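So the chains spell out like this:
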Amino acid sequence: MDPLLALARGRGLAVVEDACQAIGGRYKGRSVGTLGHLGCYGFIRNKAMACGGEGGAVASFDEAAVRRVIDLANHGRGERYHRAHANPDLGMARDAVGFNYRQSEILSAIARVQLRHLPGGSGRGGAWPTNTAT
Ligand SMILES: Cc1ncc(COP(=O)(O)O)c(C=O)c1O
């Protein structure tokens, strides 16, 4: 990873890590998926961590980048979608072209419990970013 990160840094490029099979793994003491700008993890049953169905996560120390991923996974609807219970029409407006990559609440709950069992835990500072979209 070091040569790749150096190459990207020198050109102002972001590195998106495909860490789908490697959650919990380390590179020179750092958690895989936290080395570049964004780390992607897969939670389907053939991965190192499973959530009981189709699932995955994106992690980053860049909160804005994670928000963008959440928006893209939800038809480009933006933050107001999550606050639009009183006015559903508002929540249907789009800021960008997006996709339907939402993970169910049940599978997300299972994944969040599984994350606690990773080395260093999740969202406790240090090894893992607290900005995680499941
Ligand atoms: C390294 C890697 N990235 C991505 C994927 C795709 O993951 P999914 O099956 O959740 O689409 C796989 C699948 O095995 C993989 O091994």
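Residues numbered from 1 in each chain as written. Predicted model: local features only at pLDDT ≥ 70, side-chain atom pairs only at ≥ 80, totals over all residues.

Novice: How should the overall build of the protein be read in this particular structure?
Specialist: Of regular secondary structure, the protein possesses four helices and six strands. The helix and strand sequence of the protein, counted from the amino end, reads α-β-β-β-β-β-α-α-α-β. By the burial criterion, 21% of the 134 residues in the protein qualify as buried. (Helix = DSSP H or I, 4+ residues; strand = E, 2+ residues; numbered from the N terminus. Buried ≥ 20, exposed ≤ 12 C-beta atoms within 10 Å, placed from the backbone.)

Novice: Honestly, the site of the ligand in this entry has me stumped. Any pointers?
Specialist: Asp 18, Cys 20, Gln 21, Gly 42, Ile 44, Asn 46 and Gly 56 make up every residue found near the ligand. Among the residues making up the shell around the ligand, the classes are represented as two nonpolar, four polar and one charged. (Near = placed C-beta within 6 Å. Nonpolar A, V, L, I, M, F, W, Y, C, P; charged D, E, K, R; others polar.)

Novice: Please explain the pairing of strand 4 (residues 38-42) as it appears in this structure.
Specialist: Each regular strand displays side chains that alternate between the two surfaces of the sheet. For strand 4, the buried fraction is high: four of the five residues fall into the buried class. Bridge count for strand 1 (residues 16-18) against strand 4 is three bridges, and the pairing is parallel. Each bridged residue has a counterpart across the sheet, and for Asp 18 the counterpart in strand 4 is Cys 40. By the bridge criterion, four bridges tie strand 4 to strand 5 (residues 56-60) in an arrangement that is antiparallel. From the neighbouring strand, Gly 42 faces strand 5, where its bridge partner is Gly 56. (Pairing = 2+ DSSP bridges.)

Novice: Sorry, what's going on with the nonpolar core here?
Specialist: Most often, soluble globular proteins keep nonpolar side chains buried together rather than apart. Formed by 13 residues in total, the largest nonpolar core has its most connected members in Tyr 41, Phe 43, Ala 57, Val 58 and Ala 111. Broken down by secondary-structure element, the contributors of at least two residues to this core are strand 4, strand 5, helix 2 (63-73) and helix 4 (105-115). For this core, the element with the most residues is strand 5, which contributes three residues. (Core = buried A, V, L, I, M, F, W, Y, C linked by C-beta atoms within 7 Å.)

Novice: Mind showing me how you'd approach the environment of Ile 44 here?
Specialist: Considering the arrangement of structural elements, one finds Ile 44 in the loop between strand 4 and strand 5. You can call Ile 44 partly exposed: it has 13 C-beta atoms within 10 Å. Through-space distance from the C-alpha of Ile 44 to that of Gln 21 is 9.9 Å; in sequence the pair is 23 residues apart. Setting aside anything within four residues of it in sequence, one finds Ile 44 in contact with Ala 50, Glu 54 and Gly 55. (Contact = placed C-beta atoms within 7 Å.)

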